[in-house]
Each structure stands twice: as C-alpha cells, then as structure tokens.
Amino acid sequence: DGGITQSPKYLFRKEGQNVTLSCEQNLNHDAMYWYRQDPGQGLRLIYYSQIVNDFQKGDIAEGYSVSREKKESFPLTVTSAQKNPTAFYLCASRPKDRPTGELFFGEGSRLTVL
Amino acid sequence: DAKTTQPPSMDCAEGRAANLPCNHSTISGNEYVYWYRQIHSQGPQYIIHGLKNNETNEMASLIITEDRKSSTLILPHATLRDTAVYYCIVRAPYNQGGKLIFGQGTELSVKP
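No experiment lies behind these values; they were computed from the predicted model shown.

Time to look at the sheet that holds strand S7 (residues 64-66) of chain A. Residue and element names in this part refer to chain A. Judged by pairing direction, the sheet is antiparallel, and its four strands sit side by side in the order S1-S3-S8-S7 without closing on themselves. Each end of this open sheet is capped by a strand with a single partner; those strands are strand S1 (4-7) and S7. Neighbouring strand axes in the sheet, compared pairwise and without regard to direction, differ in orientation by 20° on average. Where S1 meets strand S3 (residues 19-25), four bridges bridge the pair, whose relative direction is antiparallel. Pairing of Gln6 across the sheet is with Cys23, part of S3.

Every contact between the two is made by 24 residues of chain A and, on the other side, 20 residues of chain B. Scanning the region where chain A abuts chain B turns up zero salt bridges. Taken together, the links from chain A to chain B amount to ten residue pairs in polar contact (both at pLDDT 80 or more). At the level of secondary structure, the elements contributing two or more residues to the side of chain A that touches chain B comprise strand S4 (31-37), strand S5 (43-51) and strand S9 (87-94) of chain A.

A few words now on the state of the cysteines. Residue and element names in this part refer to chain B. Per the counting criterion, the structure on display carries two disulfides over all chains. Note on cysteine connectivity: Cys22 is disulfide-linked to Cys88, with sulfurs 2.1 Å apart. Across the disulfide from Cys22 to Cys88, rotation about the S-S bond amounts to roughly -85°, and the bridge is consequently left-handed. Pair noted here: Cys22 is in strand S2 (residues 18-23) and Cys88 is in strand S8 (residues 84-91), with a separation of 66 residues, a long-range link. Each member of the pair Cys22 and Cys88 is classed as buried. With no disulfide of its own, Cys12 lies closest to Cys22 among cysteine sulfurs, the gap being 18 Å.

Turning next to the pattern of salt bridges. All names here are of chain A. For the structure shown, the criterion picks out five salt bridges over all chains. Ionic pairing is found between Asp30 and Lys71, a salt bridge with its closest N-O pair at 3.6 Å. Highlighted residues: Asp30 in the loop between S3 and S4 and Lys71 in the loop between S7 and strand S8 (76-78), separated in sequence by 41 residues. Between Arg98 and Glu102 there is a salt bridge whose closest N-O contact spans 3.0 Å.

Moving on, we get to the pairing of S8 of chain B. Residue and element names in this part refer to chain B. The element S8 is largely enclosed, with a buried count of eight among its eight residues. Residues of S8 alternate between two faces, with Ala84, Tyr86, Cys88 and Val90 on one and Val85, Tyr87, Ile89 and Arg91 on the opposite face, all of them buried. Sheet analysis places strand S3 (residues 32-38) next to S8, joined by seven bridges and oriented antiparallel. Residue pairing in the sheet places Tyr36 in a bridge with Tyr87 of S8. Both S8 and strand S9 (residues 106-111) contribute to a ladder of three bridges, which runs antiparallel. Bridge pairing in S9 places Tyr86 opposite Thr106.

Here is what the cut-offs are and how they apply
Residues numbered from 1 in each chain as written. Chains lettered and ligands numbered in written order. Predicted model: local features only at pLDDT ≥ 70, side-chain atom pairs only at ≥ 80, totals over all residues. Heavy atoms only, no water. Pairing = 2+ DSSP bridges. Helix = DSSP H or I, 4+ residues; strand = E, 2+ residues; numbered from the N terminus. Axes fitted to C-alpha atoms, helices over the stretch in contact; angles between N-to-C directions. Contact = heavy atoms within 4.5 Å. Salt bridge = Lys/Arg side-chain N within 4 Å of Asp/Glu carboxyl O. Polar contact = N/O pair within 3.5 Å; in protein donor to acceptor, adjacent residues only side chain to side chain. Disulfide = S-S within 2.5 Å. Buried < 20%, exposed > 50% of the residue type's maximum accessible area, 1.4 Å probe, protein only.

These results come straight from atomic positions and should not be treated as a statement about function.
Here it is as structure tokens:
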C-alpha cells in the first residue's frame, strides 16, 4: 500500500547526541515536510522540500538539519544544538501538481531525550 | 496565512451531528479553508477543504459563510472513533506561498 513511513516510532537518546529520524514515502510525491508537535500544541514547521536536492527552513529550523537526496526520502537530524528536542515529530508529503491539495502525514516519531 | 479561532473543546453524543465552528475573519480571497483531525499520538488526517462553496465528502460537510469569515465542519453522525483534535486552517495555494499552519484546534469528545 502507498503511504508515508516514519521510523522509529519511539526513540530515547541521551542529551548531547545527534539523532536521525527517517521518513520514506512511496506516493511519488514531490514535496515533503517535517513538523514538530509539543504536548497540547499545534504543529510547527521545521523544514520542507519541494524537489530533490533542495529544501527550505520552516519556522523552527534551528538545531535541525535535513537532506533530500532521493525523492522518496527526507530524513531529519535533531542535533545537539536543539535545546528542547523532546517532542513528537511528524513527516508529511504532497504531490506538487496539486497546489490546493491535502498533506499526507506519517504516524509520527516520538523522541525523548533523557 | 490567516489565523483561525476555534473553541478549545466540545462534547457530542454518539449518533448525533457534531458541529465544529471556526472563525477566520482575516481570510484573504485566495485562501482556502482546510480541516484536519488528529487522533491521539497519530499523524493528522485530512478531512475536507473549500474556498467559497459548501463541500461534502464521505467524512464530513463544510459550510462556509457567504462573507467567508467563518465556517463549520459537520460530522453528521458522530461515533466514538471521531474523538480527536480537529484543526481548522486557512491558507493560500502552495504555489502562491501558502503554508499549512496548525493552531491548537478543538478537542472533540464523542460520548456514548
């Protein structure tokens, strides 16, 4: 079945370690997004990419990095520079030729920094 | 992108219609109204969107006022599985710089 797969679903790390969250889609979508969600809050945009080898910062990019080497994959690295990394991370995608279309979300990755 | 205002929480009896309001008084002419929902600890799910006209799909109906300053999402026969946080978002098309910005939404509790 087509969809967006995020892994791992749960991740525990020590403070000061970099962590990479995986996001893979087989929907042939051009644009991909990373959001962060904190308890009781809405989603905040971290990074997005509209085509391979290109990406833009969202509203809260500091302390994060991404790459887009393949259309299907958009991994997010939470670096040690991110002051409050514990959160729920969501990846999403959409086809580029539908400018008013919906975003398709993965099931999320919950990162806890000990 | 225009901001939206939603009540923080609502209750609905199972089998009854759930009417979720949203105010977006500063909406621009090229901005669409979108509704997503998020069941606890899952990714958001798209429900419906519209520009001016009322819209209906298999999940819900969207009623947009004539001045477009407010809208209502209607779940015609709510079930326990509809318990979730519902987000109302207004944004321009992506090719006009629109971004999907989520507020805090309305937490809908469907009760037996």
